[in-house]
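Residue-level structure breakdown
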Amino acid sequence: MSITLFALGGTIAMGDAGQDGPGVLPRLTGADLTAAVPGLADLGEPLDVRDVLAVPSANLTYRHVLDLVDAASRAVAAGAVGVVVTQGTDTLEESAFLADLLWPHAAPLVFTGAMRNPTLAGADGPANLLAAARVAAAPAARDLGVLVTLNDDVHAARWVRKTHSTSTATFVSPDVGPIGLVVEEEVRVLARPERREPLPPVDPTRLGATRVALHTATLDDDGGLLGGLAGTHHGLVVAGFGVGHVPGALAPMLGALAAQIPVVLTSRSGAGSVLRHTYGAVGSESDLQRRGLLNGGMLDPYKAKVLLRLLLAAGVDRPAIAATLARHG
Ligand code: ASP
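Below, the structure is looked at part by part. Everything numeric in this text was worked out from a predicted model, so none of it was measured.

This part covers the sheet that holds strand E14 (residues 235–240). Pairing within the open sheet is parallel, and its four strands lie in the order E13-E14-E15-E16. Where the open sheet ends on each side, the last strands, each with one partner, are strand E13 (212–216) and strand E16 (294–295). Two strands pair when backbone bridges link them, and E13 and E14 are joined in this way by five bridges, in the parallel orientation. Directly across from Thr216, in E14, lies its bridge partner Ala239.

Encoded structure:
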């Protein structure tokens with residue numbers, strides 16, 4: 001038995017750029033990362049380390065995540081008790097959610113990273129990697145889907161958000177809190193979210209060709225960016241104000257788009273759900289749904305975009321998209 005570690009880069013793997021210029025660059029290998037973690041060798045499970053990528057997480061793609069899920073599945077089939085992924089924190093909430101939508105195994109798939117790079121005092125990478133490895137090996141963490149472990153918190157990928165640009169406590173699940181904690185050597189699971197059926201496998205080529213836009217409503221927004229969108233994109237996520245509102249002037253534009261492509265309504269607020277039938281003004285949640293927008297429920301805009309793109313790439317029709325949003329939102 002072992003834990004498989006896939007290293008993708010990010011701050012956790014950054015070192016001095018040296019002659020390559022100022023700042024830090026992702027240049028540490030998985031072996032470098034594990035060598036820096038006191039206690040990892042005493043875990044009782046050897047680590048099988050795979051260097052996959054060394055990139056800032058802004059450069060990750062859906063294709064990378066699909067390949068990662070395949071490789072992690074093969075590792076589990078070959079006997080790994082769990083899998084750890086190290087990557088940059090900037091896009092971690094999206095890649096972990098994407099992986100969660102597809103991960104069929106009971107074995108934990110645990111994403112982690114770091115906020116302070118290894119050249120800084122108090123670098124958090126080693127502690128995060130140790131905690132993630134503990135979670136990957138923990139019987140209590142089985143059958144929880146994809147998890148995100150940083151700062152000794154264990155979050156469900158379906159709810160976690162990066163909420164601070166520099167704090168080591170940046171990962172938060174605003175609607176529910178962490179579902180577990182790492183306390184000394186022990187993984188304490190506090191809540192067990194109901195597992196959802198994984199989505200059917202996605203064809204990477206179709207996924208690559210599927211374009212979903214995200215439009216955030218802002219004060220005095222004239223919707224100028226929305227023109228012609230149905231000609232360039234297959235779907236749209238709207239991050240509306242509060243419970244799912246947009247300026248009245250945008251409502252007919254969004255209605256016209258919703259007649260051509262699926263348009264999902266979410267909230268830009270950072271927590272909570274869009275509503276269904278409380279407000280009635282033009283641009284309100286009821287008005288937008290009357291015009292054909294689909295309700296994203298509690299999905300934040302980024303997660304809704306991931307889910308919509310996977311569904312569109314799988315050729316799922318509009319009623320099935322609405323039903324899946326109802327299940328996941
Ligand atoms: N910019 C970095 C990245 O996402 C930040 C991090 O790793 O925390 O790769």
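Below, the discussion takes up the site of the ligand. In the vicinity of the ligand, the contacting residues are Gly10, Thr11, Pro56, Ser57, Gly88, Thr89, Asp90 and Ala114. Thr89 places a side-chain nitrogen or oxygen 2.4 Å from an oxygen atom of the ligand. The side chain of Asp90 places a nitrogen or oxygen atom 2.7 Å from a nitrogen atom of the ligand. When isolated, the ligand has an accessible area of 270 Å², and the protein chains bury 86% of it.

Another aspect to go through is the pairing of strand E1 (residues 2–9). Judged by how many residues are buried, E1 sits mostly within the fold: eight of eight residues are covered. In terms of strand pairing, E1 meets strand E5 (residues 80–86) through six bridges, oriented parallel. Residue Leu5 lies in a different strand from E5, and its bridge partner there is Val84. Bridge analysis of E1 against strand E4 (residues 47–55) gives six bridges, and the strand direction is parallel. The residue of E4 that forms the bridge with Phe6 is Arg50.

In this structure, Asp143 takes a positive phi of about 65° despite not being glycine. Position of Asp143 relative to the elements: it lies in the loop between helix H4 (125–137) and strand E7 (146–150). Classification of Asp143 as partly exposed rests on a relative accessible area of 41%. Of note in this structure, Asp152 is not a glycine but carries a positive phi near 65°. Within the secondary structure layout, Asp152 lies in the loop between E7 and strand E8 (153–156). In this structure Asp152 comes out as partly exposed when scored by relative accessible area, which is 37%.

Another aspect to go through is the side chain of Asp300. Assignment of secondary structure puts Asp300 in the loop between E16 and helix H9 (301–313). The exposure class of Asp300 is buried, given its relative accessible area of 10%. A distance of 2.7 Å separates the side chain of Asp300 from the side chain of Lys303, its partner in a polar contact. If sequence neighbours within four positions are ignored, Asp300 has contacts with Arg161 and Thr266.

Calculation criteria
Residues numbered from 1 in each chain as written. Predicted model: local features only at pLDDT ≥ 70, side-chain atom pairs only at ≥ 80, totals over all residues. Heavy atoms only, no water. Pairing = 2+ DSSP bridges. Helix = DSSP H or I, 4+ residues; strand = E, 2+ residues; numbered from the N terminus. Near = heavy atom within 4 Å. Polar contact = N/O pair within 3.5 Å; in protein donor to acceptor, adjacent residues only side chain to side chain. Areas by Shrake-Rupley, 256 points an atom, 1.4 Å probe, with all protein chains shown as cover. Buried < 20%, exposed > 50% of the residue type's maximum accessible area, 1.4 Å probe, protein only. Contact = heavy atoms within 4.5 Å.

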